[in-house]
Amino acid sequence: MANLTVALDQSVDIRDSRPRFYGLRRLARKMVKDRLALFAFIFLILIFLMSILAPLISPYDPTTGDIFNRLKAPGVSPGHILGTDALGRDMVSRLIWGGRVSLRVGFITVVFSSAVGVFLGLLAGYAGGKTDTIIMGLVDIQFAFPGMLVALVFVMVLGPSELHLIEAFAFNGWMVFARLARSLVVTFRDGPMVEAAKAIGVRPIKVMLKHILPNILAPITTLFVLEVARIIGAEAMMSFLGYGIQPPTASWGLMIGEGRTYFPMAWWLIIYPGILVAATVLALNVFSNWLTTAVDPLQKGQSG
Amino acid sequence: MKQPHDILEHVTPLLSVKNLKTYFRSEEGGVIKAVDGASLHIRPKEILGIVGESGSGKSITAMSILRLIPSPPGYFAGGDIVFENESLLAKTQKEMRLIRGKDISMVFQEPMSSLNPAYTVGYQIMENIMLHQKVSKNQALEHAVDMLKLVGIPSPEKRVHDYPFQMSGGMRQRVMVAMALSCQPKLLIADEPTTALDVTIQAQILRLILDTKDKVGSAIMLITHDLGVVAEVCQRVVVMYAGKVVEVAYVNELFNHPAHPYTEGLLSAIPRLDETRDRLTIVPGSIPNPARMPEGCRFHPRCQYADERCRTEQPPLVSPKPGQWVSCWRASGVEGSEADVAATAEA
Amino acid sequence: MAQYILRKLLGAVVVIAGVSLLVFILTRVIGNPVDVMLPLNATAADRVRLAHQLGIDKPILTQLGEFITGVFHGNFGESWYEQQPALSVALERLPFTLELSGIAMALALIFAIPLGVLSALRPRSLLDKVTSTLSMFGICVPNFWLGLVLILIFANTLHWLPTSGVGDWRYLVLPAITMAVLPLGRITQIVRTAMLEQLREPYVVTARSKGLLEFWVVVRHALKNAGISIVTMSGWELGRIIAGYAIAIEAVFGLPGIGSLVVDSIGQQDFPLIQALTFVIATCITLINLLIDMTYPFFNPRLKFK
């Protein structure tokens, strides 16, 4: 038995199965080469910084207005570069705080949906048999669900709030991760690495967490970014309809919804938040695309 | 010494490729000279073998004849292809389409993927027939059934409605042959038609090509890397190396007196029953990168006879005796009758 | 083949039942419509009376039993606000949305297929780059916002088209375009990817070697094989229009479709109507998926024999 272990260890180096995420420097070099991705990345960093530093950089309080200064066009009223809304609140401040909300909803939702989805996907793929059938059956059913409708009902029943929005989205978003994780596990499960680990008596759960999970991290990350983009769009739509973020909190979608009443004459109320939603979603998509090619799991599989 | 082939040397070729240069622009901006001055010709009803390693430019030459080189990145940098006294390179796309599938047709290497999985084999044969002959759909179907019968597919009136996935690899290749011969082409180009098949099926398909050729009366250009196949079926052989023709000869001449060191190498790689050897001799080294061809004779880095001249100057294709052409300083040094490349094609 | 369809049908029933059950649980177990329907100062007696009137004071299993028997008779109860059978209220609004989404889909396909094919034929050309960029934008721009921007430009500023409401064809132009943009982007991308894949296949060279016109090589040979991906994506997008995009877009343009009814019924917490709407929308999606599945054998004849 001891001999066998050694032999296996030599043929397949199990310990070295962790992904070699390309060195940061190498990733950075790739990024600089791809202008579009670089641009998207810089934009995302700016949006991130803006959201994190909102309390410091926001020129006004986003929720208190100045009723004598309402519906001022950009540049008309000093101190309000992008104008004010119907309650006289500063647009710049609301856009900054709105981004904070959009990103928060996006990230928290996807952290939950990916955690649940990846766990169930790993379980389905690794266990196989009945567990697999049941979990993937649920995934198939969920895929056919009218997600937006279910989210609306969910929020209607529980009452609109950021938390309930996140719950509704996470409930509708886990299955994409489950499907991806399962498909990745199935390819790795039958690979030599896991075979070898099992042969030398490593416990299944340990094999899963230690050897499979790191190998599927790259594609999961890509999907994560893509899902954050999707949720940001969905949050905007729900808030626009009035079933998402509630006033007086600022959210890009809510700002568009509130601006709708006045927008033929006050175009800035909807144009700016809309551009920010579109640009953020676009940047996340571009970044995710770039990530797919930069951290190719197949290349890694061959070198690692 | 009068060769029996000599009389053949005066037959007008069906198709001549003259100093053909098919280049590709690489993504990095360089030029890949896939075919770089290749000359050969084929006579009516002749079976000509083209041999060479993969990357020697033999498939590109074939695709060039049908003008199926994707452009960009591919383009013709020089030379000409003459079919029945007309330049194919001078033809318009429309004129070319009338030739493809009718006068010149092709059988490809991969019988699995060379047929469209979404259509029945009958449809795919009929498509070719109806493109080039004024016949009704029913007549085309009848013709397709006849063709399937010709290539030895059992119960053809039933199989004509089969999809490719319902057939074995050998069957599909028979379908490809049926399709290619359906309009009685004057020239059939078969690009490694048996490489992807089992050995037993290989022999059947070769037999089939030869048999049907006699019935249809086509000339065949058989592209292969298998000298055994060449010995079995071809009358003449063209040996290609790194985008150039290095030797042309009648089969028995080539096998008995190879003139080019590369041919020599290829021949010694074939195991023979009448010899006992410890190991197979193969030509050492590998085909050069087409983006960076060596100076002088392209074969010199792998050639055991290479000298200073070979490293600097390209040898011309010369004819040491009737019916034989070779591109090597050794050959042209031994016997005279030097000729320029263009003249080769006229022969 | 029959077995395949049967299995798909069974799956469709499971999905519709699953969604209906989920909404049932959400509305009956967690939510309480009495709070919404009555003013804050309503007495306890008023609340009990209303609960009894709506039939939500019975034990939950009884309610579920009644619900299920109702569904089998096509009866989702009366809409609390419209005082009409909920299913007919929902079905009344369906044709409009189907018409609008049909126009939007047609619009998307008319542009997406040629653009995707041309991009695949000339990868990295100017056309390909422009098309890729535009389809990426189409996917990322929130469509309800795009609708507002289009209104701002074409209705309020240029006065070419009406802002909202129903009437002749001009009222459908902006909503249809707004609805088409996202599917257009997605389908263009999938056509391009699928065609790039197919054009690399050897059978394409075979088709060319027959002397076939390049147009037919691309359309008859490559496009047919790319068909499954294209049709699948189109089906998904049509489903997403009906179950998602229509909700916000109909609200933006004030259109009387099933999407704006969703928004209204949720605002009014009209449970029977929400239930009926969920059922109708889920059925639409599964029917679309089923129809898409049934086209597969045309593109991949292998499936005919399974």
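Computed from a predicted model, the values in this text were never measured in an experiment.

## Overview of the overall build of chain C
Helix and strand counts for chain C come out as twelve helices and zero strands. Each helix and strand of chain C, placed in order from N terminus to C terminus, yields the pattern α-α-α-α-α-α-α-α-α-α-α-α. A separation threshold of at least 6 residues defines the contact pool for chain C, and within that pool the share at least 24 residues apart is 73%.

## Considering helix α1 (residues 58–65) of chain B
Counting buried residues in α1 of chain B gives eight out of eight residues, a clear majority hidden from the surface. Just past α1 of chain B, the residue R67 of chain B takes up positive phi, approximately 55 degrees.

## Observations regarding the sheet that holds strand β4 (residues 74–83) of chain B
Within a sheet, each strand pairs with its neighbour through backbone hydrogen bonds, oriented either parallel or antiparallel. Residues and elements named next belong to chain B. Reading across from one edge, β2-β1-β4-β5 is the order of the four strands in this open sheet, with antiparallel pairing throughout. The outermost strands of the open sheet, each flanked by one partner alone, are β2 (31–42) and β5 (86–87). Pairing analysis gives eight bridges linking strand β1 (residues 15–25) to β4, with the strands arranged antiparallel. Among the inter-strand pairings, F24 is bridged to a residue of β4, identified as G74.

## As for the packing of helix α1 (residues 2–30) of chain C against helix α4 (residues 60–72) of chain C
Residues and elements named next belong to chain C. At a minimum axis distance of 12 Å, the contact between α1 and α4 shows a crossing angle of 140 degrees. Between α1 and α4, the crossing angle belongs to the class labelled oblique. Here α1 and α4 pass one another in a crossing that is right-handed. Taken together, the residues of α4 that come into contact with α1 (itself represented by S20, F24, R28 and V29) are I60, Q63, L64, F67 and V71. For the contact of α1 with α4, the residue count by class is six nonpolar, two polar and one charged.

## Some thoughts on the interface of chain C and chain A
The partner chain A presents 31 residues to the 37 residues of chain C that form the contact. The set of elements that each furnish at least two residues to the side of chain C that touches chain A consists of α1, α6 (126–140), α7 (143–157), α10 (214–253), α11 (258–267) and α12 (271–299) of chain C. Top contributing element to the side of chain C that touches chain A by residue count: α1 of chain C, with nine residues. Taken together, the residues of the side of chain C that touches chain A break down into 28 nonpolar, nine polar and no charged.

## Concerning helix α10 (residues 261–268) of chain B
Along α10 of chain B, the residues classified as buried are P261, Y262, T263, G265 and L266 of chain B. Tucked into the core, α10 of chain B has its buried residues touching β3 (47–51), α8 (227–233), β9 (236–241), β10 (244–250) and α9 (251–256) of chain B.

## Points about the arrangement of the chains
Here the protein chains form two pairs of chains in contact, of which the pair with the most contacts is chains A and C. With no contact formed, the shortest span from any C-alpha in chain A to any C-alpha in chain B equals 15 Å.

## Looking at unusual backbone geometry
Peptide bonds are mostly trans, and most non-glycine residues show a negative phi. Residue P248 of chain A is bonded to the preceding P247 of chain A through a cis peptide linkage, with omega at 5 degrees. Inspection of the secondary structure puts P248 of chain A in the loop between α10 (204–241) and α11 (252–259). Of note, E192 of chain B is a non-glycine position whose phi angle comes to about 45 degrees, a positive value. Given 21 C-beta atoms within a 10 Å radius, E192 of chain B is considered buried. The phi dihedral of H159 of chain C is positive, around 55 degrees, even though this residue is not glycine. In this structure, H159 of chain C sits in the loop between α7 and α8 (170–199).

## What to know about the environment of L95 of chain A
All names here are of chain A. Mapped onto the fold, L95 is located in helix α5 (residues 91–127). Given 21 C-beta atoms within a 10 Å radius, L95 is considered buried. A C-alpha to C-alpha distance of 7.9 Å links L95 and Y272, two positions 177 residues apart in sequence. Setting aside residues up to four positions removed in sequence, L95 forms contacts with Y272, P273 and L276.

## Points about the pairing of β10 of chain B
Residue and element names in this part refer to chain B. With six of seven residues buried, β10 lies mostly within the body of the structure. Across six bridges, the pairing between β9 and β10 is antiparallel. Residue V237 lies in a different strand from β10, and its bridge partner there is A249. Counting the residues in the hairpin turn of β9 and β10 gives two residues, including A242, whose phi is positive at 50 degrees. The pairing of β10 with strand β12 (residues 324–326) spans two bridges and is antiparallel. Its bridge partner lying in β12, E247 is registered against V326.

## Focus on the pairing of strand β7 (residues 187–191) of chain B
Residues and elements named next belong to chain B. Across the five residues that make up β7, a large majority, five, are buried. Relative to β7, strand β6 (residues 104–107) runs parallel, the two sharing four bridges. Across the sheet, I104 pairs through a bridge with L187, a residue of β7.

## A word on the confidence of the model for chain A
Put simply, chain A has an average pLDDT of 82, and 89% of its residues get 70 or more. Confidence drops under a pLDDT of 50 for residues 1–22 of chain A, and excluding neighbours within four residues, the segment shows 30 contacts in the predicted structure.

## Things to note about the interface of chain C and chain B
Contacts between chain C and chain B engage 19 residues on the former and 24 residues on the latter. Counting residues per element, the ones that place at least two in the side of chain C that touches chain B are α9 (202–209) and α10 of chain C. Among the elements that line the side of chain C that touches chain B, the one with the most residues is α9 of chain C, at seven residues. Residues of the side of chain C that touches chain B, tallied by class, amount to eight nonpolar, six polar and five charged.

## Focus on the sheet that holds β12 of chain B
Residues and elements named next belong to chain B. Read across the sheet, eight strands follow the order β6-β7-β8-β3-β9-β10-β12-β11 without closing on themselves; strand pairing throughout is mixed. Looking along the sheet, the strands with just one partner apiece sit at the ends: β6 and β11 (318–321). Within the sheet, the average angular offset between the axes of one strand and its neighbour, ignoring direction, is 25 degrees. Two elements, β3 and strand β8 (residues 219–224), share five bridges in a ladder whose sense is parallel. Of the residues in β8, the one forming a bridge with V51 is T224. Packed onto the sheet, helix α6 (residues 169–181) meets β6 and β7 and runs at close to 175 degrees relative to β6.

## Things to note about the environment of T224 of chain B
Residues and elements named next belong to chain B. In this structure, T224 sits in strand β8. Assessed through the 24 C-beta atoms surrounding it within 10 Å, T224 is described here as buried. Expressed as a C-alpha distance, the spacing of T224 and P193, which sit 31 residues apart in the sequence, is 8.0 Å.

## Quick look at the confidence of the model for chain C
Put simply, chain C has an average pLDDT of 88, and 99% of its residues get 70 or more. Prediction confidence for the complex, expressed as pTM and ipTM, is 0.85 and 0.87 respectively.

## A look at the packing of helix α5 (residues 86–121) of chain C against α11 of chain C
Residue and element names in this part refer to chain C. Running from N to C, α5 and α11 cross one another at 140 degrees; their axes reach a closest spacing of 7 Å. Between α5 and α11, the angle falls in the class oblique. Contact residues: α5 offers A90, R93, L94 and T97, while α11 offers I258, G259 and L261. Tallied by class, the residues present in the contact of α5 with α11 amount to four nonpolar, two polar and one charged.

## Quick look at the environment of G18 of chain C
Residues and elements named next belong to chain C. Positionally, G18 belongs in helix α1. G18 gets classed as partly exposed once you count the C-beta atoms within 10 Å, which come to 16. G18 sits 261 residues away from F279 along the chain, and the two C-alpha atoms are 10.0 Å apart.

Cut-offs used in this document
Residues numbered from 1 in each chain as written. Chains lettered and ligands numbered in written order. Predicted model: local features only at pLDDT ≥ 70, side-chain atom pairs only at ≥ 80, totals over all residues. Helix = DSSP H or I, 4+ residues; strand = E, 2+ residues; numbered from the N terminus. Contact = placed C-beta atoms within 7 Å. Buried ≥ 20, exposed ≤ 12 C-beta atoms within 10 Å, placed from the backbone. Pairing = 2+ DSSP bridges. Axes fitted to C-alpha atoms, helices over the stretch in contact; angles between N-to-C directions. Parallel < 35°, antiparallel > 145°, perpendicular 65-115°, else oblique. Left-handed = near helix turned anticlockwise from the far one by under 90°. Nonpolar A, V, L, I, M, F, W, Y, C, P; charged D, E, K, R; others polar. pLDDT = per-residue confidence, 0-100.

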